Amino acid sequence: MAQIQIQNLSKVYKGGVKAVDNVNVEVKDKEFMVLVGPSGCGKSTTLRMVAGLEDISEGKIMINDRLVNDVPAKDRDIAMVFQNYALYPHMTVFENMAFGLKLKKYPKQEIERRVHEATEILGINRLIGRRPRQLSGGERQRVALGRAIVRKPKVFLFDEPLSNLDAKMRVQMRTEIHKLRLRLQTTFIYVTHDQTEALTLGDRVMVMKDGKVQQCADPMTIYDKPANKFVAGFIGSPPINLMEGRIIKKERKYYFDEGKFKVRIVDEMRKVVAPYAGKEVTFGIRAEDIYDKLFVSEASPDNTIRAVCEVVEPLGSEVYLYLNTGKNSFIARVGAHNRPDVNRDMDLVFDMSKVHFFDRDTEKTII
């Protein structure tokens, strides 16, 4: 199997454009690492440098303690699955999956055994004689996966493999990739801009922005303890609610004052926010940590606010409430049967043990 070390990795294009800026990460043996971020953040460029498809400007890539900076892609013992499937249109499913093995002059019997094994794993036996044009998007992606599986590489690299599929097929293929990972027990690096894929698939998630790593941790740490304002806003659906305001101290208690409302900061956070007393900060609270007061048995006035409900958006199992304090708009995610009147004031309760504060200048989490 394989352990990958990425040390001080950078990629600079002509004109001084820095696509990847000093990335450092170690991907453990059999780990599923997800690189996530917006378009242009450097995640695919990083993956392509690991694959050997992109030259390295600075830094090192080690696979099992072997420096591979100058090793050709074909000699790195990796397999890559692309966004556009990259299947040969004139070849059958069998021929597409067997092509790489034929180039390496594997015996015919071994090629047939490996292809049959891969089609069994992916449930595409019946497609073996078809050509790509006769397949659906999901079937083509399975063939692309099969082509990678037959090589039995040390490392699988995925570059946004599900982005061309519809919503239902994406969910199905996410499940298939998860099953595949458990069965193959090898190392995966997976690139996506979809935070749902990142949180559901990854053992660890590396969030990138402007070529830099913003945070690298397990999914729950990324979600519950974001390192900065960008990570907090990028990870989560709907995005975290962010509001500007001031930390104030009153009778040994600390409050966040938004201008239209004031909520008390829990005692556990007092030491953290004390240096910011009197200063402007950014306040963050996720939609699921805001409740309709009617459904809260014991609500303290210290964490209850009033806002106008502007839109009620039913989503079946849950409801999104779009609210406005008069200064800030925000979203609450509530139960399916919670349907307040539109354009009416309503009382809301903030779970103040779940909130986040960000430094206005550095945008780092105040912890």
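The structure displayed is predicted, hence computed values, not measured ones. (Residues numbered from 1 in each chain as written. Predicted model: local features only at pLDDT ≥ 70, side-chain atom pairs only at ≥ 80, totals over all residues. Heavy atoms only, no water.)

**Student:** Let's hear about the environment of Leu 199: which residues, and what values?
**Tutor:** With respect to the helices and strands, Leu 199 occurs in helix α6 (residues 195-201). Look at Leu 199 and you get partly exposed, because its relative accessible area is 25%. In this structure the C-alpha to C-alpha distance between Leu 199 and Phe 94, which are 105 residues apart in sequence, comes to 33 Å. Dropping the residues within four chain positions of it, Leu 199 is found in contact with Pro 219, Tyr 223 and Ile 235. (Helix = DSSP H or I, 4+ residues; strand = E, 2+ residues; numbered from the N terminus. Buried < 20%, exposed > 50% of the residue type's maximum accessible area, 1.4 Å probe, protein only. Contact = heavy atoms within 4.5 Å.)

**Student:** Describe the pairing of strand β19 (residues 344-350), with residues and values.
**Tutor:** Pairing geometry for strand β15 (residues 290-292) and β19, over 3 bridges, is antiparallel. Its bridge partner being in β19, Ile 290 is matched across the sheet by Phe 350. As judged from the 6 bridges shared by strand β16 (residues 304-314) and β19, these two strands associate in the antiparallel manner. When the bridges of β19 are listed, Ala 307 appears paired with Met 346. (Pairing = 2+ DSSP bridges.)

**Student:** Kindly report on the layout of surface pockets, identifying the contributing residues and their values.
**Tutor:** Approximately 570 Å³ is the volume attributed to the largest pocket. In terms of lining residues, the largest pocket is bounded by 23 residues, among which Ile 78, Met 80, Gly 100, Arg 147 and Arg 151 are the most central. Those elements that place two or more of their residues in the lining of the largest pocket are β6 (78-81), α2 (93-103) and α4 (137-149). The dominant element in the lining of the largest pocket, judged by the number of residues it contributes, is α2, at 5 residues. Its residues assigned to classes, the lining of the largest pocket shows 17 nonpolar, 2 polar and 4 charged. The volume enclosed by the second largest pocket comes to roughly 420 Å³. Looking at the second largest pocket, it is lined by 20 residues, and the ones nearest its centre are Asp 224, Lys 225, Met 269, Val 355 and His 356. Contributions of two or more residues to the lining of the second largest pocket are made by α7 (219-224), α9 (270-273) and β20 (356-359). (1 Å grid on protein atoms, 1.4 Å probe; cavity = no way out; pocket = protein on both sides within 12 Å on 5 of 7 lines; lining within 4 Å. Points joined across faces, edges and corners; volume = space filled by probe spheres on them. Nonpolar A, V, L, I, M, F, W, Y, C, P; charged D, E, K, R; others polar.)

**Student:** Residue-level account of the packing of α4 against helix α5 (residues 167-184), with values.
**Tutor:** Direction vectors running N to C along α4 and α5 enclose 15 degrees, while the axes themselves pass 11 Å from each other. Here α5 runs roughly parallel to α4, going by the angle between their axes. For the crossing formed where α4 meets α5, the hand is right-handed. Two secondary-structure elements touch here, α4 through Gly 138, Gln 141, Arg 142, Leu 145 and Ile 149 and α5 through Met 169, Gln 172, Met 173, Glu 176, Ile 177, Leu 180 and Leu 184. Its residues placed into classes, the contact of α4 with α5 shows 7 nonpolar, 3 polar and 2 charged. (Axes fitted to C-alpha atoms, helices over the stretch in contact; angles between N-to-C directions. Parallel < 35°, antiparallel > 145°, perpendicular 65-115°, else oblique. Left-handed = near helix turned anticlockwise from the far one by under 90°.)

**Student:** Before we move on, can you summarise the pattern of salt bridges with the specific residues and values?
**Tutor:** When their charged atoms lie close together, side chains carrying opposite charge are able to pair. Under the defined criterion, the tally for this structure stands at 27 salt bridges. Its salt-bridge partner being Arg 113, residue Glu 117 comes within 3.7 Å of it at the nearest N-O pair. Taken together, the residues Glu 117 and Arg 113, both in helix α3 (residues 108-122) and 4 residues apart, mark about one turn of the helix. In this structure, the salt-bridge partner of Asp 289 is Lys 354, at a minimum N-O distance of 3.9 Å. (Salt bridge = Lys/Arg side-chain N within 4 Å of Asp/Glu carboxyl O.)

**Student:** How would you summarise empty space enclosed by the protein if you had to cite specific residues and measurements?
**Tutor:** All told, the structure shown has 1 cavity of 30 Å³ or more when counted by the stated rule. Taken as a whole, the largest cavity encloses approximately 40 Å³ of empty space. Taken together, Ile 6, Val 25, Val 27, Leu 35, Thr 46, Leu 47, Val 50, Ile 189 and Met 206 form the lining of the largest cavity. Listing elements by their share of the lining of the largest cavity, those giving two or more residues are β2 (17-27) and α1 (43-51). Ranked by residue count, the leading element in the lining of the largest cavity is α1, at 3 residues. Partitioned by chemical class, the residues of the lining of the largest cavity number 8 nonpolar, 1 polar and no charged.

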